[in-house]
Amino acid sequence: MTPSFDVAIVGSGPYGLSVAAHLQGTGLRVGVFGKPMDTWLRHMPQGMSLKSDGFASDLFDPHGAYTLKAYCRQHGLDYADVGEPVPLKTFADYGLWFQKKAAPDLDEQAVTHLERQGSGYLLTFEDGASVSAAKVVLAVGISHFSYTPPELAALPPSLVSHSYDHACPASFAGRDLTVLGGGSSAIDLSMLLKEAGADVTLLARREALRFNAYGPGRRSLMSQLRRPTSALGAGWSSLAFSKAPDLFSRLPAPTRVRMVRRALGPAAAGHIRERVEGRVPTLLGRHIVEAAPRGDRLRLRVRDAAGQEGEVETGHLITATGYRADIARLSFLSPAIGAEFQTVDGSPRLNGSFESTLPGLYFVGLAAAHTFGPVQRFAFGAGFAARRLRRSLA
C-alpha cells in the first residue's frame, strides 16, 4: 500500500524546513522531501555573503531555539545582529544544522510528479516510488523560476546561461564573459568572477550601481526615524513589507503585482562596494536590443537612454536577471492540476492561509509574493508563512 501523510512538504530550503519545524508536535504525519538547502549549496556562487543582516537570516522553529546566532555561538563563528556579513557557507551549514534539529526524518528524493488522488494528492519520486498526502505544501523557492529575457532565451547554452547555473566562479578563470543585470546577483557574481581571474564586464540598464547602506554598530535615532531598520533593509516601505504581509494581501491584485515588481529595487550589499567600484569593468545605462552568435562568440547590439547604439562581443553571457514565479514552469505538476489553477500574473491565487484554488495545495516563498508581498522573496518571510500554516493545518 502507498504510505500516507497528512501533510507533504516539497522543498527543504528555509521555507520548507521552517514549515516542517512548526508542524512538529502537532500530531500530524508530516513528510519533507528534497535535498536540504540545495539552492544555497549548488546554485549560489561560492564566496558570496548574504545581503541580509544576521538578525534577518534565521530559519524558524516555534520556540526560536535554532537561530543563526545560536548556531554561530555553538560553532565558534563570528556573528552580529547587524554589521557582520553572513558568509554563504555559514548560512548553508546553518540550514543543514537546523534540518537535523527540526526535520530529522527528511527524505532527500526529488518529487517528479504530483497529481490529484481523490480528495488528496499522489507524489511520485525519481526512483518511481510514490506516497499519498491529504495536503501538500510547495516550498520550491526559486529553483524553477530563473528568468532570462525572451530575446536571449533561444540562444544556445554554450553562449548564454543564467546565474542560477553557476556556483563556481573559478570555473571561468581566464575566460572572457559578460554578466547582464544591475541587482545583487549580477554585482556579486561579477565581483567573484573578477576575483577568480575571469575577464568580466558587467552590463546593466541602470545608470549607476546601487549599494545598500552598511556599517557596524547602531544607527542614530534620527536616522532610525527617517529610515527605520527592518529585516528587508532600511525604510518605511521595507518595514511595512516585513511586518504586515496580511495587510498587503488585502490590496487589489493589480496593486500587489505592481508593488512586488517595483519594491526593493536592484541593489547589492554595502559591504562589497569597495570590492566592486573601480575593480569590476562596467557598461552601464545600456540594454540589449539584439543578440546573435558570431562563430563561437556572441555579438550584442546595445542601446543607451539617448538611443545611441553600440556593439559588444563576448565569449559568454550570464544573465543575472532574477526570478519570476510562473506556475506553468513547475514541470512536475500533472497537466490536470495545471489546468485547474487560478493565477495572478503567473503566480497561484492564494487565500489568507497560503492555500491555492486547488483545495489542500499550498504555496510559500517566491510563488506567494504576489499575495503576501516582497517579504516572501526573502528567507525572513519563512517565519510568517510557517506560523500561518501551523495555525491552518494543525
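Before reading on, note that the structure itself is shown above.
Rules used in this analysis
Residues numbered from 1 in each chain as written. Predicted model: local features only at pLDDT ≥ 70, side-chain atom pairs only at ≥ 80, totals over all residues. Heavy atoms only, no water. Pairing = 2+ DSSP bridges. Helix = DSSP H or I, 4+ residues; strand = E, 2+ residues; numbered from the N terminus. Axes fitted to C-alpha atoms, helices over the stretch in contact; angles between N-to-C directions. Core = buried A, V, L, I, M, F, W, Y, C linked by side-chain atoms within 4.5 Å. Buried < 20%, exposed > 50% of the residue type's maximum accessible area, 1.4 Å probe, protein only. Contact = heavy atoms within 4.5 Å. Parallel < 35°, antiparallel > 145°, perpendicular 65-115°, else oblique. Left-handed = near helix turned anticlockwise from the far one by under 90°. 1 Å grid on protein atoms, 1.4 Å probe; cavity = no way out; pocket = protein on both sides within 12 Å on 5 of 7 lines; lining within 4 Å. Points joined across faces, edges and corners; volume = space filled by probe spheres on them. Nonpolar A, V, L, I, M, F, W, Y, C, P; charged D, E, K, R; others polar. Arc of directions from axis to C-beta.

Trainee: Run through the sheet that holds strand β12 (residues 309-314), naming residues and quoting values.
Mentor: Each strand in a sheet pairs with another by means of backbone hydrogen bonds, the pair being arranged parallel or else antiparallel. If you trace the 3 strands from one edge of the open sheet to the other, you get β10-β11-β12, paired in antiparallel fashion. What marks the edges here is a single partner per strand, and that holds for β10 (286-294) and β12. For this sheet, the mean inter-axis angle between neighbouring strands, taken without regard to orientation, is 25°. For strand β11 (residues 297-304) and β12, the ladder comprises 6 bridges, and the chain directions are antiparallel. Residue pairing across strands places Arg-299 opposite Glu-313, the latter belonging to β12.

Trainee: Any details on the nonpolar core? Residues and values, ideally.
Mentor: Membership of the largest hydrophobic core comes to 65 residues, with the highest contact counts inside it found for Leu-114, Leu-123, Val-136, Leu-138, Phe-354 and Leu-361. Those residues in contact with Leu-138, other than ones at most four positions away along the chain, are Val-10, Leu-114, Leu-330, Phe-332, Leu-333, Leu-361, Tyr-362, Phe-363 and Val-364. In terms of nonpolar packing, the next biggest core, distinct from the first, is built from 25 residues, Leu-189, Leu-202, Ile-272 and Leu-284 among them.

Trainee: Before we move on, can you summarise the sheet that holds strand β7 (residues 176-180) with the specific residues and values?
Mentor: Strand order in the open sheet formed by 5 strands is β6-β13-β7-β8-β9, with parallel pairing between adjacent strands. Every interior strand has two partners, whereas the edge strands, β6 (160-162) and β9 (282-284), have only one. Between one strand axis and the next, the sheet turns through 20° on average, direction left out of account. Where β7 and strand β13 (residues 317-319) come together, 3 bridges link them in parallel fashion. From the neighbouring strand, Val-179 faces β13, where its bridge partner is Ile-318. Relative to the sheet, helix α6 (residues 184-195) contacts β7, β8 (199-204) and β13, its axis offset from that of β8 by approximately 165°.

Trainee: Give a description of the side chain of Thr-314 that names residues and reports values.
Mentor: By secondary structure assignment, the location of Thr-314 is in strand β12. A relative accessible area of 0% places Thr-314 in the buried class. Setting aside chain neighbours within four positions, we find Thr-314 in contact with Asp-176, Leu-177, Thr-178, Arg-297, Leu-298 and Leu-300.

Trainee: Account for the environment of Leu-317, naming residues and giving values.
Mentor: Its location among the elements puts Leu-317 in strand β13. When the C-alpha positions of Leu-317 and Ser-161 are compared, they lie 6.5 Å apart, and in sequence the two are 156 residues distant. The contact partners of Leu-317, leaving out residues within four places of it in the chain, are Leu-152, Leu-159, Val-160, Ser-161, Thr-178, Leu-180, Ile-288, Leu-298 and Leu-300.

Trainee: Report on the packing of helix α1 (residues 14-23) against helix α4 (residues 88-102), specifying residues and quantitative values.
Mentor: Their axes nearest at 10 Å, the elements α1 and α4 cross at an angle of 25°. One element, α1, and the other, α4, form an angle in the roughly parallel class. By crossing handedness, the relation of α1 to α4 is classed as left-handed. Contact residues: Pro-14, Leu-17, Ser-18, Ala-20 and Ala-21 in α1; Phe-91, Gly-95, Phe-98, Gln-99 and Ala-102 in α4.

Trainee: Outline the environment of Leu-106, listing residues and values.
Mentor: Position of Leu-106 relative to the elements: it lies in the loop between α4 and β3 (111-117). A relative accessible area of 14% places Leu-106 in the buried class. Residues Leu-106 and Val-30 lie 76 residues apart in sequence; the distance between their C-alpha atoms is 9.6 Å. Here Leu-106 is in contact with Ser-12, Leu-17, Val-32, Gly-34, Pro-36 and Gln-99, once residues within four sequence places are set aside.

Trainee: Can you break down the packing of helix α3 (residues 68-75) against α4 residue by residue, with the values?
Mentor: At a minimum axis separation of 10 Å, α3 and α4 run at an interaxial angle of 100°. Relative to α4, α3 is oriented roughly perpendicular. Counting all contacts with α3, which are made through Leu-68, Ala-70, Tyr-71, Cys-72, Gln-74 and His-75, the residues of α4 involved are Thr-90, Asp-93, Tyr-94 and Trp-97.

Trainee: So, empty space enclosed by the protein: which residues are in play, and what are the values?
Mentor: Summed over all chains, the structure comprises 1 cavity of 30 Å³ or more. Its boundaries defined by the atoms lining it, the largest cavity holds a volume of some 50 Å³. Lining the largest cavity, in full, are Gly-47, Met-48, Ser-49, Asp-188, Met-191, Ala-269, His-271, Ile-272 and Arg-275. Classifying every residue of the lining of the largest cavity by side-chain character gives 4 nonpolar, 3 polar and 2 charged.

Trainee: Give me the lowdown on helix α10 (residues 253-262), citing residues and values where you can.
Mentor: Residues Ala-253, Arg-256, Val-257 and Val-260 constitute the buried set of α10. With its buried residues spanning 100° around the axis, α10 presents them on a single face. Summarising the geometry of α10, the exposed residues directed more than 90 degrees from the buried face are Pro-254 and Arg-262. Leu-264, located one to two residues past α10, shows a positive phi value of around 50°.

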